[in-house]
Structures are given as structure tokens and as C-alpha cells.
Amino acid sequence: MLQTKDIAVVILNWNGKNLLETFLPSVIKYSENATIYVADNASTDTSAAFVTKRFPTAKLILNPENEGYAKGYNEALKYVEEPLLCLLNNDIEVTENWLQPILAEFNTNIDTAIVQPKILDYKNKTHFEYAGAAGGYIDKYGYPYCRGRIFDTIEEDKGQYNDTKTIFWASGACFFIRNSIFKAMSGFDEAYFAHMEEIDLCWHVFNTNYTVKYVGTSTVYHLGGGTLSNTNPKKTYLNFRNSLYTLVKHTDKNVILRTLVRMILDGVAGIRFLLHLKPHYFIAILKAHYSFYKNLNSLLRQRKQLPKRPNYYETESIVWSYFIKKRTKF
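Residues numbered from 1 in each chain as written. Predicted model: local features only at pLDDT ≥ 70, side-chain atom pairs only at ≥ 80, totals over all residues. Heavy atoms only, no water.

> Where do I start with the state of the cysteines in this structure?
Should the sulfur atoms of two cysteines be covalently bonded, the bond is a disulfide. In total, this model carries zero disulfides according to the counting rule given. No disulfide involves Cys174; its nearest neighbouring cysteine sulfur is the one of Cys86, lying 4.2 Å away. Taking relative accessible area as the criterion, Cys174 reaches 0% and is therefore assigned buried. Not part of a disulfide, Cys202 finds its nearest cysteine sulfur in Cys146, a span of 11 Å. (Disulfide = S-S within 2.5 Å. Buried < 20%, exposed > 50% of the residue type's maximum accessible area, 1.4 Å probe, protein only.)

> Would you take a moment to explain the packing of aromatic side chains for this structure?
How two aromatic rings sit relative to each other is given by the distance of their centres and the angle of their planes. Evaluated as defined, the whole model comprises 23 aromatic pairs. Taken together, a centroid distance of 4.9 Å and an interplanar angle of 40 degrees make the contact between Tyr137 and Phe330 tilted. Here Tyr137 is found in strand β8 (residues 136-138), whereas its partner Phe330 is found in the segment after α11 (318-324), with 193 residues between them in sequence. Site record: aromatic cluster; members linked through ring pairs are Tyr69, Tyr73, Phe175, Phe182 and Phe188. For Lys17, the ring lying beneath its charged end belongs to Phe50, and the centroid distance is 4.9 Å. We note Arg309 situated over the ring of Phe206; from NZ or CZ to the ring centre the distance is 3.9 Å. (Phe/Tyr/Trp six-rings, centres within 6.5 Å; stacked < 30°, edge-to-face > 60°. Helix = DSSP H or I, 4+ residues; strand = E, 2+ residues; numbered from the N terminus. Lys NZ or Arg CZ within 6 Å of the ring centre and 35° of its normal.)

> What is the right way to read the environment of Leu19 from this model?
Looking at where Leu19 falls in the secondary structure, it is placed in helix α1 (residues 17-30). Overall, Leu19 belongs to the buried group, its relative accessible area being 14%. Considered as a pair, Leu19 and Glu105 are 86 residues apart in the sequence and their alpha carbons are 29 Å apart.

By themselves, these observations are geometric and do not establish any function.
Printed below as a string of C-alpha cells:
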């Protein structure tokens, strides 16, 4: 039976000294007996020296260069042997007893591979946070959404999601996974760099007949945008590109039709950015599609090698449901 000593809380950091100063104390305080690692992605802001001096109980892993979330974690986790991994953003505040409900889920259900807690907004603690909320889902065209957050509509936490529920994907902001399964899946796809690599991995796990769970009795607070701001066009580029990557790699059938529809919808989003005088985001989508075409042969080779499983999505089209039918809540 897993215990807290079997948990490795691994915080990937790049130039986040100020964030570590704010958020690491809660992780150390409320993660009794777990091992805390800070995996530094070649920061230039003295993060590593700061952790060594200020938080000597945390183990430091030094990655030689910054290669994003995906490869950063893949490299760091080579040195982590605990059976249960918690991949935690450096801008997360955890709460008392946050690990116990997660442990209970892993101990109770052997087919549970990945778990996410309830993620609330650090800046507005009565509401869910964009990146994960109360667990992730996906529609047939590869658009992710959450219980508690659909597009830009974010719900207030009124206890409506204080449950334990099977979900499709867990947020990379606070992502628990069995170490053995992470290794068996070969970790994250490093081509993603950052954004949606956790959805890609969850889809792989789903297609291998494991389960992803949300545990609403464990709560964390996420600042969001701590390393790469939501207003950064690079984030738009990565999200649109990586979403197409994931759809092609894992969807069970009608992949050509679904991808074409998705790209048309991306084009609509791009026009909307132009109408709102945001040309940098329009250009980011163009670059995302160019990169997708450039790497399509590689993605198709991966697709042939990966397992498939039908009925992965809950919604026909979340875009239609939200924007046309005006359904703004899960």
C-alpha cells in the first residue's frame, strides 16, 4: 500500500525564484514524509542557489538547458525512483492533507494511472482555475475543456465538484501519475515543448485501458501563467499546434475529417483574433498550422504505432455547444 513516503513531489522551475519563494513553503509544510524535488531548467535567476540555501530539505535536480515542460520533466524524472510522482507547477499553493485523498484513490483502484485534485484560482480562491479546474474532457475535434471551466467561462466553487470522478485528462499544473506507468508510456512527447503534453499522455494512458481520475476532496490553488503568460502568442502557437498533434496521434477513426474540421475552426478563431485587433495571435495560428504540416509524416508514423480506443470524447463539438447553444457550464 502506497504511503506519503512513496510520493515524489517534483517542481519544474525556470527562472521562478520569486514563485518558489512564495509557493514552495506550503508544499514543504503540507507534504509531510513526501520527498520534494526542484528540477531546475537551467535558470539564469539564481533559482538553484536560492533553493539550496532557503529550502535545504528539497532535493535539487539540475537540467543542463531549458527544453520546456515535456523534456524538462522527462530528464528530471530519470533521477526519481518513488512509486508515485506529483508533477507540480512552481506557482501552486497546496493545502493541509492534500495528499491523503490522492493516496486513497491510488490505493483503492489499481487501474487508476493518473489523478488530479481540485484546482482553484490563487487570485480568486472562490473560483476554479482555468488550467484544469475540476478535471478535463475533450470533444471530437480535440478541443479540451473542464468541469468548472468551458472556454473563458469559469464557475464558482460551491462544492458541486467535491466528488471522485473518472475524467479524460488531468492538468499538468498538478499531475499525479504512477512512476511505472510514466516510464512505460515513455513519458511526455518532447516535440510538444510545453502545453497539452499532459493531454497527449492522458490520451495514451486511456488508449492503454488505464483510468484518469479527479479527486475533489484534495485542493490546490494555482496562480497560472507564472512561467509563460496567457497573453503570450507563443502560448497560442503551442496550444493550437499541439492540439493538432494530439488529435492525429490518438483519435480512433475519421482522423482526416476531424482534423480538417478542426483546422477550419482554428481559421475562424484566427479571423476572430484579427477582428479584435490581435494580429500576433492570428500569426501564431498560421505558424502552428505550418509546423503541423511540416511534421505530419512523423505524426502519422507515431499514429500507426500507438494503441487506439473508441468513444474517447464526451461532447460532439464543444465549440457548437458553447458558442451556438450557449451552454456555458459542464
